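# Structural overview
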2 protein chains.
Amino acid sequence: MQPISDAMSLFAHQRAVRAFSDRPVDDETLRQVLEAAMHAPSSQNGLPWRFIVIRDPEVKDPLSSLYEECYAQVYGTGEPDRAAGREPWTATPVLIAVCTPAPNGRTSMMTGASVYPACQNLMLAARALGLGSVMTTLWRLKKDAIYELLAIPEGWEIAAIIPLGWPARPFGPNRRPPLEDYVMENRWTAGS
Amino acid sequence: MQPISDAMSLFAHQRAVRAFSDRPVDDETLRQVLEAAMHAPSSQNGLPWRFIVIRDPEVKDPLSSLYEECYAQVYGTGEPDRAAGREPWTATPVLIAVCTPAPNGRTSMMTGASVYPACQNLMLAARALGLGSVMTTLWRLKKDAIYELLAIPEGWEIAAIIPLGWPARPFGPNRRPPLEDYVMENRWTAGS
């Protein structure tokens with residue numbers, strides 16, 4: 001995918017990328033992507049996040065296996081296939097687990113308000129640089145095993161795991177229905 | 001604030017803006033901001049959001065009063081003051097209530113995974129165009145009264161209310177601590 005330098009063009013060019021080339025993601029590029037996440041807004045500017053950057057096959061391979069178990073559980077069997085648009089995480093250059101505090105083990109929609117903007121910054125910066133990514137939460141079906149693998153301490157949750165790499169193929173812009181169907185004036189007026 | 005056209009510069013220039021000039025936000029500018037939100041990723045590409053654009057004083061004024069009650073409850077009394085960086089919502093050109101489905105009235109952190117990226121796109125696009133915004137959730141202390149005012153139906157929640165306008169004063173880039181303090185390799189290794 002071509003990089004995107006124009007800020008207002010960025011949004012329409014974010015696509016869910018699940019298959020990547022073998023080209024590694026260099027440290028400087030990765031740093032820029034994580035810095036973008038750091039600049040996200042959060043409640044009281046608390047920066048309630050940590051990023052676990054997973055590249056070691058000793059962690060990535062069992063994580064990939066656990067993810068495939070989740071995938072099979074929901075979508076039935078079917079091997080991931082790079083040519084078909086989804087590769088196994090073993091083949092993905094980088095996985096980023098975005099963690100957020102969960103005091104007393106509790107989270108809510110409001111927890112998300114201060115961590116998903118950081119995830120979105122991360123993915124938008126990736127796209128700006130020509131990288132692909134996708135936000136995944138399906139792994140939560142094997143959450144306990146994954147938290148053990150990644151040594152997530154008490155009081156923290158993983159909000160998303162984001163695979164990152166140079167896309168295996170180019171993507172065009174995303175498409176959306178008319179804005180008018182999603183906007184109301186002053187009060188809720190549509191049928192629910 | 002100056003517009004930002006360079007995609008990778010955008011993230012470090014997003015600031016929480018709570019005081020705006022009297023200059024109205026024209027419809028075309030507003031449309032661009034909402035379109036950016038529409039292009040956000042979401043689970044299964046479900047676009048689980050609606051935007052209520054509030055400009056009518058008959059809605060904005062009581063909403064502003066309710067918000068001030070929440071503010072007083074948490075921060076004590078103290079009138080909002082544009083010159084001090086926070087104006088009342090009565091004076092804010094546009095308020096956008098971002099709504100998301102809550103089947104059976106339930107939400108979770110995962111609900112946020114598919115709506116806060118849209119909020120973040122909205123705010124980033126605003127910043128790119130030179131507008132200011134801020135994500136607010138404090139109004140949830142008066143949630144019931146606000147849902148009644150905005151006629152929010154059963155099965156929907158407001159994820160955020162975002163004031164939007166041309167900033168009353170310019171802002172420089174935001175500042176963040178070193179990335180290294182927020183990043184780990186392969187497994188959780190820091191003290192929690």
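Structure shown above.
Residues numbered from 1 in each chain as written. Chains lettered and ligands numbered in written order. Predicted model: local features only at pLDDT ≥ 70, side-chain atom pairs only at ≥ 80, totals over all residues. Heavy atoms only, no water.

### A word on empty space enclosed by the protein
To keep it simple, the criterion reads: Computed over the protein atoms alone on a 1 Å grid, cavities are sets of points where a 1.4 Å probe fits but cannot get out and pockets are open sets with protein on both sides within 12 Å along at least five of seven lines; a residue lines them when it has an atom within 4 Å of a point. Grid points are joined across faces, edges and corners, and a volume is the space filled by probe spheres set on the points. Each residue is assigned to one of three groups, with Ala, Val, Leu, Ile, Met, Phe, Trp, Tyr, Cys and Pro labelled nonpolar, Asp, Glu, Lys and Arg labelled charged, and all others, Gly among them, labelled polar.
Inspection of the entire model under this criterion finds four cavities of 30 Å³ or more. Approximately 80 Å³ is the volume attributed to the largest cavity. Forming the walls of the largest cavity are A:Val17, A:Arg18, A:Phe20, A:Tyr67, A:Tyr71, A:Arg86, A:Glu87, A:Trp89, A:Thr92, A:Val134, A:Thr136 and A:Pro163. Partitioning the lining of the largest cavity into residue classes produces seven nonpolar, two polar and three charged. Lining the second largest cavity are B:Arg18, B:Phe20, B:Tyr67, B:Tyr71, B:Arg86, B:Glu87, B:Trp89, B:Thr92, B:Val134, B:Thr136 and B:Pro163. Residues of the lining of the second largest cavity, tallied by class, amount to six nonpolar, two polar and three charged.

### Quick notes on a nonpolar patch on the surface
Condition: Only residues whose relative accessible area exceeds 30% and that form no salt bridge enter a patch; like-charged residues are grouped when within 9 Å of one another, and nonpolar side chains (Val, Leu, Ile, Met, Phe, Trp, Tyr) when within 5 Å. The Shrake-Rupley method, run with a 1.4 Å probe, gives the accessible areas here. Residue values count only the displayed protein chains as cover. Salt bridges, as used here, are contacts in which a Lys or Arg side-chain nitrogen is within 4 Å of a carboxyl oxygen on Asp or Glu. The helix count covers DSSP runs of H or I at least four residues long, the strand count covers runs of E at least two residues long, and both are numbered beginning at the N terminus.
A grouping of A:Val74, A:Tyr75 and A:Leu141 is seen on the molecular surface, where their side chains present a nonpolar patch of about 280 Å² in accessible area. Along the chain, A:Leu141 falls in the loop between β3 (132-133) and α6 (143-150).

### Some thoughts on the sheet that holds strand β2 (residues 94-101) of chain B
Our working rule: At least two DSSP bridges between two strands are required for those strands to pair. We call two residues in contact when some of their heavy atoms are within 4.5 Å. Here, axes are lines fitted to C-alpha atoms. For helices the fit covers the stretch in contact, and angles between N-to-C directions go from 0 to 180 degrees.
As summarised here, the arrangement of the five strands in space is β5(A)-β1(B)-β2(B)-β4(B)-β3(B), forming an open sheet in which the pairing is mixed. Both edges of this open sheet fall to β5 (183-185) of chain A together with β3 (132-133) of chain B, since each of them pairs with a single strand only. Looking at chain direction, strand β1 (residues 50-54) of chain B and β2(B) are connected through five bridges and run antiparallel. Across the sheet, the residue bridging to B:Val53 is B:Ile96, located in β2(B). Sheet strands touched by helix α3 (residues 57-75) of chain B: β1, β2 and β4 (156-165) of chain B. Its angle to β1(B), the strand with the most contacts, is close to 95°. Along the sheet, helix α6 (residues 143-150) of chain B makes contact with β1, β2 and β4 of chain B, crossing β4(B) at roughly 80°.

### What about the interface of chain B and chain A?
Interfaces are often sized by the accessible area lost when the parts come together. To keep it simple, the criterion reads: Buried area: the accessible surface (1.4 Å probe) lost by two parts on joining, summed over both. Residues adjacent in sequence count toward polar contacts only when both atoms are side-chain atoms; beyond that, a polar contact is any pair of N or O atoms within 3.5 Å, and within protein one must be able to donate a hydrogen and the other to accept it.
The interface of chain B with chain A comprises 75 residues on the first partner and 75 residues on the second. For the pair chain B and chain A, the summed buried area comes to about 6400 Å², and 65% of that belongs to carbon and sulfur atoms. Seen at the junction of chain B and chain A, the total is two salt bridges. Counting across the chain B and chain A interface gives 31 residue pairs in polar contact (both at pLDDT 80 or more). The greatest single-element share of the side of chain B that touches chain A, amounting to eight residues, is contributed by helix α5 (residues 116-128) of chain B. When grouped by side-chain class, the residues that make up the side of chain B that touches chain A number 46 nonpolar, 17 polar and 12 charged.

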